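# Chains, contacts and geometry: an overview
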Amino acid sequence: MAEVAVTPGIQLPERVEILGFPIDRVTLDETRRLMRDYLASDGTKLILTADSNAYINAATDDGYRRMFREAALITPDSAGPVWALSRLGRPVPGRVSGVDLVECLCQLSAETGARMYFLGSAPGIAELAAKNLAERFPGMVVAGARDGYFSKDDDTRIAQEIAETKPDVLVVAMGMPRQELFILDTAEAIGAKIGIGVGGSLDVHSGTVKRAPKVIQKIKMEWLWRLLLNPKKIAKVRNLPVFYWRVRRSKPL
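Summary of the structure given here. (Residues numbered from 1 in each chain as written. Predicted model: local features only at pLDDT ≥ 70, side-chain atom pairs only at ≥ 80, totals over all residues. Heavy atoms only, no water.)

Another point: the side chain of Ser 201. Looking at the secondary structure, you find Ser 201 in helix H9 (residues 201–206). In terms of polar contacts, Ser 201 uses its side chain to reach the backbone carbonyl oxygen of Val 198, at 2.8 Å. With sequence-adjacent residues up to four places away left out, Ser 201 is seen in contact with Gly 98, Val 99 and Val 102. (Helix = DSSP H or I, 4+ residues; strand = E, 2+ residues; numbered from the N terminus. Polar contact = N/O pair within 3.5 Å; in protein donor to acceptor, adjacent residues only side chain to side chain. Contact = heavy atoms within 4.5 Å.)

Tallied over the entire structure, the rule returns six aromatic pairs. Ring plane angle 35° and centroid distance 5.6 Å describe the contact between Phe 21 and Phe 68, whose orientation is recorded as tilted. Here Phe 68 lies in helix H3 (residues 62–70) and Phe 21 lies in strand E2 (residues 21–25), a separation of 47 residues in the sequence. Residue Phe 21 is classed as buried on the basis of its relative accessible area of 15%. Residue classification places Phe 68 among the buried positions, given a relative accessible area of 1%. Between Phe 150 and Phe 182, the ring centres sit 6.0 Å apart and the planes meet at 65°, which makes this aromatic pair edge-to-face. Residue Phe 150 is found in the loop between strand E6 (141–146) and helix H7 (155–163), and its partner Phe 182 is found in helix H8 (residues 178–190); the two are separated by 32 residues along the sequence. With respect to class, Phe 150 is no different from Phe 182; both count as buried. Each residue in the set Phe 21, Tyr 55, Phe 68, Trp 83, Phe 243 and Tyr 244 is aromatic and connected to the rest through ring pairs, giving one cluster. (Phe/Tyr/Trp six-rings, centres within 6.5 Å; stacked < 30°, edge-to-face > 60°. Buried < 20%, exposed > 50% of the residue type's maximum accessible area, 1.4 Å probe, protein only.)

A separate point is unusual backbone geometry. Between Met 176 and the following residue, Pro 177, the backbone shows a cis peptide bond with an omega angle of 5°. For Pro 177, the position within the fold is in the loop between strand E7 (169–173) and H8. Although it is not a glycine, Leu 19 adopts a positive phi angle of roughly 55°. Although it is not a glycine, Ser 121 sits at a positive phi angle of roughly 65°. Among the secondary structure elements, Ser 121 is positioned in the loop between strand E5 (115–120) and helix H6 (125–136).

This next bit is on the nonpolar core. Core analysis: the biggest nonpolar cluster contains 39 residues, and Ile 18, Tyr 55, Phe 68, Leu 119, Leu 170 and Phe 182 have the highest contact counts within it. Of all the elements, H8 adds the most residues to this core, at five residues. Apart from the residues lying within four places of it in its own chain, the contact partners of Tyr 55 are Ile 18, Leu 19, Phe 21, Pro 22, Ile 23, Ala 50, Phe 68, Ile 74, Pro 81 and Phe 243. Residues Leu 34, Leu 39, Ala 130 and Val 171 belong to the second largest nonpolar core, which totals 32 residues. (Core = buried A, V, L, I, M, F, W, Y, C linked by side-chain atoms within 4.5 Å.)

Next up on the list: the packing of H3 against H8. Between H3 and H8, whose axes approach to 9 Å, the crossing angle comes to 60°. Taken together, H3 and H8 sit at an angle that is classed as oblique. Relative to H8, H3 is oriented so that their crossing is left-handed. Residues Gly 63, Arg 66, Met 67 and Glu 70 of H3 touch H8, and the partners they reach there are Glu 180, Leu 181, Leu 184 and Asp 185. For the contact of H3 with H8, the class distribution of residues is three nonpolar, one polar and four charged. (Axes fitted to C-alpha atoms, helices over the stretch in contact; angles between N-to-C directions. Parallel < 35°, antiparallel > 145°, perpendicular 65-115°, else oblique. Left-handed = near helix turned anticlockwise from the far one by under 90°. Nonpolar A, V, L, I, M, F, W, Y, C, P; charged D, E, K, R; others polar.)

A maximum bend of about 35° is found in H8 at Leu 184. Of the positions making up H8, those classed as buried are Gln 179, Glu 180, Leu 181, Phe 182, Ile 183, Leu 184, Thr 186, Ala 187 and Ile 190. (Bend = angle between axes of the 7 residues up to and from the residue.)

Time to look at the sheet that holds E6. With respect to topology, six strands assemble into an open sheet ordered E4-E3-E8-E7-E5-E6, the strand pairing being parallel. What marks the edges here is a single partner per strand, and that holds for strand E4 (73–76) and E6. The average angle at which neighbouring strand axes cross in this sheet is 20°, direction not considered. Both strand E3 (residues 45–50) and E4 contribute to a ladder of four bridges, which runs parallel. Note on E4: the bridge partner recorded for Ala 50 is Pro 76. Running over the sheet, H7 touches E5, E6 and E7 and is turned about 155° from E5. (Pairing = 2+ DSSP bridges.)

Pasting the structure below:
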């Protein structure tokens, strides 16, 4: 397995715990600076965008625990972790979501020449997202794109195909923790500087799924918007009151 520890010299945010699992008190601007540093460092850095559901599942799922344990950076992806950090006396200004970080990485690609590979979602989605993003960020370098419709038995073959494109950034949208474990397990073979799991972000950037309006995001009801668009997300929504109850029971830091 490739090294995922942060290179000495990179300034890290404060790392605290929510329900026994880590999170970094980081802003979007700080994350952007860290990602620029990662592109100039050695090894593969896993960026984990953590939502409430991840913290509940980590209590019982080895895959979730592993991604928390081996991530170089863990950002608060949803309103739940942002609220929990405030509740625990370690507030942050707001979310640092996968959708926003994809845009940051595309801008960094345009500025530095870093090569972007988009992996995941249904057939055609990653390619369309890459095309749309390249139009929005002139100069961005697309190394390649393909869907996420393959079994774990094919991971080695897919990793070899991706490695041939020599990506610096691997953006994976295959659902948590599958996407993070793919990044960790193939890090040495692919050799990207940054690997990030982004869930449904490629669907948003492809234009096939609309992100919640700003007013919905502002009142922290984006989870309801996602549920209305995709009722299959009900399992994640059921974990929200569990997360809230467990955090309320936990003691401030």
